[in-house]
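If you want the building blocks of each chain, they are given just below.
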Amino acid sequence: MNHRRVVVTGLGIISPIGLGVEENWANVTAGKSGIGNLSLFDASNFPVRIAGEVNDFNPSDHLPEKDARHMDRFIQFSMVAGSEAIKDANLEVTEENADMIGVYIGAGIGGVTTIEATTIKSYERGVRRISPFYIPMSIINMAAGNLSIKHGFKGPNLAVTTACSTGTHAIGDAARLINFGDADVMIAGGTEAALTPTSVGGFANAKALSRRNDDPQAASRPWDLGRDGFVMGEGAGVVVLEELEFAKKRGARIYAELKGFGLSGDAYHMTSPSPGGCGAKRCMMNALRNGEVNIDEVDYINAHGTSTPLGDLAETIAVKELFGNHAYELAMSSSKSMIGHLLGAAGGVEAVFSILAIHHQVAPPTINLDDPDPECDLDYIPDGAREMKIRTALSNSFGFGGTNGTVIFRKFN
């Protein structure tokens, strides 16, 4: 069957560098870091004491106080970012279209803040002190569920959890639901709020995190010779996807077209990328094939670029092997140098940045690339945001368990 075309009509974002699209775009193109000392809990005895926190976020400023109390922080983030995207798209829900509007939002870890607090309370004060809202506050699909309830969306209502590929997989899967006629509109993306003692402690003890506690803003340094691990972050990124004719009929503003989606599995290791980035290469190749996009049409890659020794090198090798000589002609940058790694939200947030790069014809920079790794020799935009022609942008996400996702966006004509 002929696939229906999918376009992006709305954007919403919360990240360590801002609340909302306008503030985030201004700060990411200015190369502003949102990484600082951990304040959400006492990390003074932890080996890692830095993170990308969402500052100045008061849920009651955005949500009814009663509702906010019954939502874990990751759900609050998705509600705010999702509602911003819906408003940005000027999407009106009616009795006629509600059945064909759905939500697909995932998280990598979900309500770990609620889980930790409830576990402590149950041991200290007994099982009767467990809140009846404990389960709906903590399970991952309630990010999508609450957004659907608030706005009256009666179409597909789904969640996915694929570690750090979650946001990308949610957006790609949502586009396919539109492709095949299961929905006309999907609100899709990822959310995460996992800056808790057990999460930070777990990643730290796995030696995955940077330990530059004395210089937080320089800690996330993709492709730099001194990179020593990623920095955890939190936030949410959500997009509104629409079937092209549906969007045109209602006069929607179109940011870009979602042109391709690819997936792959490394089948190699729980946490390390496959040698030479072969899984990442296959994932990008599958997205190009799905979108019928030639390698020389890609102008910009918003990389996974986590600032880990193995991951950054593997992604670089994968790009060089897939794109050949064109790898040295395209631009590639890592938003994580400024916001850290948002885990399940990373793909959603980075999709928003990729779409805005096309919309504004500006590629965000990579900061902290002071001493480039000789083996990482591509154009990572180290000297500030760059005005450039961006017709096609590719966004990568790779997760623990060897799960990979790539989405391709194209300027809409």
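Residues numbered from 1 in each chain as written. Predicted model: local features only at pLDDT ≥ 70, side-chain atom pairs only at ≥ 80, totals over all residues. Heavy atoms only, no water.

This brings us to helix α3 (residues 73-88). In this model, α3 (16 residues) spans 23 Å end to end at C-alpha, consistent with the 22 Å of a helix rising 1.5 Å per residue. Burial of α3 is extensive: 13 of the 16 residues sit out of reach of the surface. With its phi angle positive at about 55°, N90 sits one or two positions after the end of α3. (Helix = DSSP H or I, 4+ residues; strand = E, 2+ residues; numbered from the N terminus. Expected span 1.5 Å × (residues − 1). Buried < 20%, exposed > 50% of the residue type's maximum accessible area, 1.4 Å probe, protein only.)

Scanning the entire structure with this criterion turns up 15 salt bridges. Linking K281 and E321 is a salt bridge whose minimum nitrogen-to-oxygen distance equals 3.8 Å. You can see K281 sitting in helix α10 (residues 278-291) and its partner E321 sitting in helix α11 (residues 309-323), a full 40 residues away along the chain. Across the pair D379 and R386 runs a salt bridge whose closest N-O atoms are separated by 2.6 Å. Through salt bridges with shared partners, one network takes in R221, D224 and D370. (Salt bridge = Lys/Arg side-chain N within 4 Å of Asp/Glu carboxyl O.)

What follows concerns the state of the cysteines. Covalent bonding between the sulfur atoms of two cysteines defines a disulfide. For the structure shown, the criterion picks out zero disulfides. C164 takes part in no disulfide bond, and the closest cysteine sulfur to it belongs to C283, at a distance of 14 Å. For C164, a relative accessible area of 9% puts it in the buried group. The thiol of C376 is unpaired, and the distance to the nearest cysteine sulfur, on C278, comes to 17 Å. (Disulfide = S-S within 2.5 Å.)

Let us look at the environment of I86. Residue position: I86 is located in helix α3. For the pair formed by I86 and V238, sequence separation is 152 residues and the distance between their alpha carbons is 9.2 Å.

For the coordinates displayed, the defined rule picks out five aromatic pairs. Ring geometry for F203 against F230: centres 5.5 Å apart, planes inclined by 75°, an arrangement best described as edge-to-face. Of this pair, F203 sits in helix α8 (residues 197-205) while F230 is found in the loop between α8 and β8 (235-243), placing the two residues 27 residues apart along the sequence. What makes F203 buried here is its relative accessible area of 13%. Exposure remark for F230: the relative accessible area of 5% places this residue in the buried category. Here the aromatic residues F203, F230 and F400 are joined through ring pairs into a cluster of three or more. (Phe/Tyr/Trp six-rings, centres within 6.5 Å; stacked < 30°, edge-to-face > 60°.)

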